[in-house]
Amino acid sequence: MPGFEWIDEEEKNAVASVFDEGGVLFAHGFDKVRKKYHVREFENKFCDLFGISRALAVTSGTAAIKIGLKSLGVNKGDEVITQAFNFVATIEAILDCGAKPIICNVNETLNMDPLDLENKISDKTKAIIPVHMLGVSAEMDEILNISKNYKLPILEDNCEAIGAKYKNKYLGTIGDVGILSFDQGKMIATGEGGMILTNNNELDNYCRQYHDHGHENNPNFPRGRDTHKIYGFNYRMTEMQAAVGKVQLNKLSKMLVENKNRAKKLNEILINKYEFRSIPKNSVPTWDTVIINVENLKHREKIVKILNADGFGTKNLPDAMEWHCAYYWDHALDSAQISNSLLTKKILEKTIAIPIWLKKTVNDYEKLGKKLLEL
Ligand SMILES: *Cc1c(COP(=O)(O)O)cnc(C)c1O
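Fair warning: this is a prediction, and the values are worked out from it, not measured in the lab.

Trainee: How do you make sense of the overall build of the protein chain when you look at a structure like this?
Mentor: Of the regular secondary structure elements, the protein chain holds 13 helices and 13 strands. Relative to the 2.2 N^0.38 estimate, which gives 21 Å for 375 residues, the radius of gyration of the protein chain is 21 Å and therefore close to what a compact globule would have. Dimensions along the principal axes, computed over C-alpha positions, put the protein chain at roughly 70 × 55 × 35 Å. When each of the 375 residues of the protein chain is scored for burial, the buried share is 57%.

Trainee: Which parts of the structure should I look at to understand the packing of helix H9 (residues 297-309) against helix H13 (residues 362-374)?
Mentor: A pair of packed helices is characterised by two quantities: the angle between their axes and the separation of those axes. Orientation of H9 relative to H13, taken along the N-to-C sense of each, is 155°, at an axis distance of 10 Å. Classed by the angle they form, the pair H9 and H13 counts as roughly antiparallel. Taken as a pair, H9 and H13 cross one another with a handedness that is right-handed. Across the interface between the two elements, Ile 303, Ile 306 and Leu 307 from H9 touch Leu 368, Lys 371 and Leu 372 from H13. A breakdown of the residues in the contact of H9 with H13 according to their chemical character gives five nonpolar, no polar and one charged.

Trainee: Can you walk me through the packing of aromatic side chains in this structure?
Mentor: One pair of aromatic rings is described through two measures. These are the centre distance and the angle between the planes. A full pass over the atoms with the stated rule returns 13 aromatic pairs. When the centroid spacing of 6.3 Å and the interplanar angle of 25° are considered together, the rings of Tyr 210 and Tyr 235 count as stacked. One end of the pair, Tyr 210, is in helix H7 (residues 201-210); the other, Tyr 235, is in the loop between H7 and helix H8 (239-270), with 25 residues separating them in the sequence. In this pair, the class of Tyr 210 matches that of Tyr 235, namely buried. Three or more aromatic residues joined by ring pairs make a cluster, and in this case those are Phe 42, Phe 46, Phe 50, Tyr 170 and Phe 182.

Trainee: Mind showing me how you'd approach the site of the ligand here?
Mentor: Of all residues adjacent to the ligand, which total 14 residues, the nearest are Thr 62, Glu 160, Ser 181, Asp 183 and Lys 186. The separation between an oxygen atom of the ligand and a polar side-chain atom of Ser 181 is 2.7 Å. Against a free-state accessible area of 380 Å², the protein chains account for coverage of 93% of the ligand. If one sorts the elements of the shell around the ligand by residue count, helix H3 (residues 61-71) sits on top with three residues. Here the shell around the ligand is built from residues that sort into five nonpolar, five polar and four charged.

Trainee: Explain the sheet that holds strand E4 (residues 125-129) to me, please; I cannot follow it from the model alone.
Mentor: In sheet architecture, strand pairing relies on hydrogen bonds along the backbone and comes in two forms, parallel and antiparallel. One open sheet accounts for three strands, arranged E3-E2-E4; its pairing is parallel. Edge positions in the sheet fall to strand E3 (100-104) and E4, since each has one partner strand and no second. Recorded for the sheet is a direction-independent mean angle of 30° between the axes of neighbouring strands. For strand E2 (residues 79-83) and E4, the ladder comprises four bridges, and the chain directions are parallel. Considered in E4, the bridge of Val 80 is made with Ala 127.

Trainee: Would you explain the environment of Ile 292 in this entry?
Mentor: Along the polypeptide, Ile 292 turns up in strand E12 (residues 289-293). Residue classification places Ile 292 among the buried positions, given a relative accessible area of 0%. Those residues in contact with Ile 292 that sit more than four places away from it in its chain are Tyr 274, Glu 275, Phe 276, Ile 303, Lys 350, Thr 351, Ile 352 and Ile 354.

Calculation rules
Positions within a chain are numbered from 1, following the residues in the order the chain's sequence is written. Only residues with pLDDT of at least 70 are given local features in this predicted model, and only at 80 or more are side-chain atom pairs given and counted; all residues enter the totals for whole chains, interfaces and linings. Hydrogens and water are ignored here; the side-chain numbers use all heavy atoms of the structure. Per the convention used, a helix needs a DSSP run of H or I reaching at least four residues, while a strand needs a run of E reaching at least two, with both numbered from the N terminus. We compute the radius of gyration from the C-alpha atoms alone; for a globule the expected value is 2.2 Å times N to the 0.38, where N is the number of residues. Exposed residues in this analysis have more than 50% of their type's maximum accessible area, buried residues have under 20%, and partly exposed residues fall in between, with area computed by a 1.4 Å probe over protein chains only. To obtain each axis, a line is fitted to C-alpha atoms, and for helices this fit is confined to the stretch in contact; angles are then taken between N-to-C directions over 0 to 180 degrees. Put simply, angles under 35 degrees are roughly parallel, angles over 145 are roughly antiparallel, angles from 65 to 115 are roughly perpendicular, and the rest are oblique. Crossing handedness: left-handed means the near helix sits turned counterclockwise from the far one by under a right angle, and right-handed means the same turn made clockwise. Here a residue-residue contact requires only that any non-hydrogen atoms of the pair lie within 4.5 Å. Throughout this entry, Asp, Glu, Lys and Arg are counted as charged residues, while Ala, Val, Leu, Ile, Met, Phe, Trp, Tyr, Cys and Pro are counted as nonpolar. The remaining residues, Gly among them, count as polar. Think of it this way: a Phe, Tyr or Trp ring, Trp meaning its six-membered ring, pairs with another when their centres are within 6.5 Å, and the plane angle makes it stacked under 30 degrees, edge-to-face over 60, tilted otherwise. Nearness is defined per residue: one heavy atom within 4 Å of the molecule or strand is enough. We define a polar contact as two N or O atoms separated by no more than 3.5 Å, with the added condition that, inside protein, one atom must be a possible hydrogen donor and the other a possible acceptor, whereas residues neighbouring each other in sequence contribute only through side-chain atom pairs. The protein chains shown are the only cover counted for residues, whose accessible areas, like all others here, come from Shrake-Rupley with a 1.4 Å probe. Here, strands pair whenever DSSP counts at least two bridges between them.

Bear in mind that shape data such as this cannot, by itself, settle questions of function.
Following this line, the structure appears as structure tokens:
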């Protein structure tokens, strides 16, 4: 979440530098005019930091999911399983490939329930999309086991947990394909933008061609005579976005530390009074959100009132429940998927998400914690 809070002169200067270094705003070609390739540098920085062989920058996280699914061969008639606590983008990407979204419930981690995942597999299933919601990993060992047993690829939607880890690996580098988003609400903000991560060169080649009208970037031909085998679309990131993204990525490790300081303070104060979201073993969250479970309606109302009055807000839960729970998406899902999502709705109705803001201090969180303790 906090990327946009730390946008300052550095990002401003990075954008200005694009204009000073030849003024090419486009990621491809114009080799004689330009001094820099910001999009390619942004991708390489992700490869280095995340320890992954290929990264492809695109226009949005939603576009990245769609392109990733296409690279896995998802097509008309296929089913793709994803979870009921989610963002509607994942469903849209599945539908845009002509496939059918199948909704799996979440468990107390608020991410994909591996037991329910196995129930939802059919002979039409083509891929699985676990979504690491609000900074926390899904139970990846269990999900990977199922994916191996049924020979189904995994696309990790890691739009909401950039920098979080599972068993020492960055989320987004565990499945066959990993997706990041850099929209204004994410850990790294470039206004709009997304990234596709993979260690599979064939998948990366497909994505790279598809996001750029099928261009193969054949070194033996100029761009105007480039070769192509597939048709694609235009999902290219601009140089300005990547220039901002590179600066933001440099701030990531510091943001994670600052998040943790604030979240730990809340945790410390509230641990004996409130039940927290359960975090999978061997995982490290981004700590950009702390989620507590409170069933009593009056008690919930009091907490939400304080969070709003003191300028914290409640982020997705309960503020934006309708955009994050599949139960409400009858414009996109069939009635079977809506009823599949009822259990998740019930789990989410107990939760309150407390956002961690970098503009607020550890002391602010201490004060908040003490207020919530008194309720
Ligand atoms: C933000 C988000 C997306 C979409 O990313 P955009 O860059 O806004 O298109 C997809 N999935 C999840 C879980 C998200 O939070």
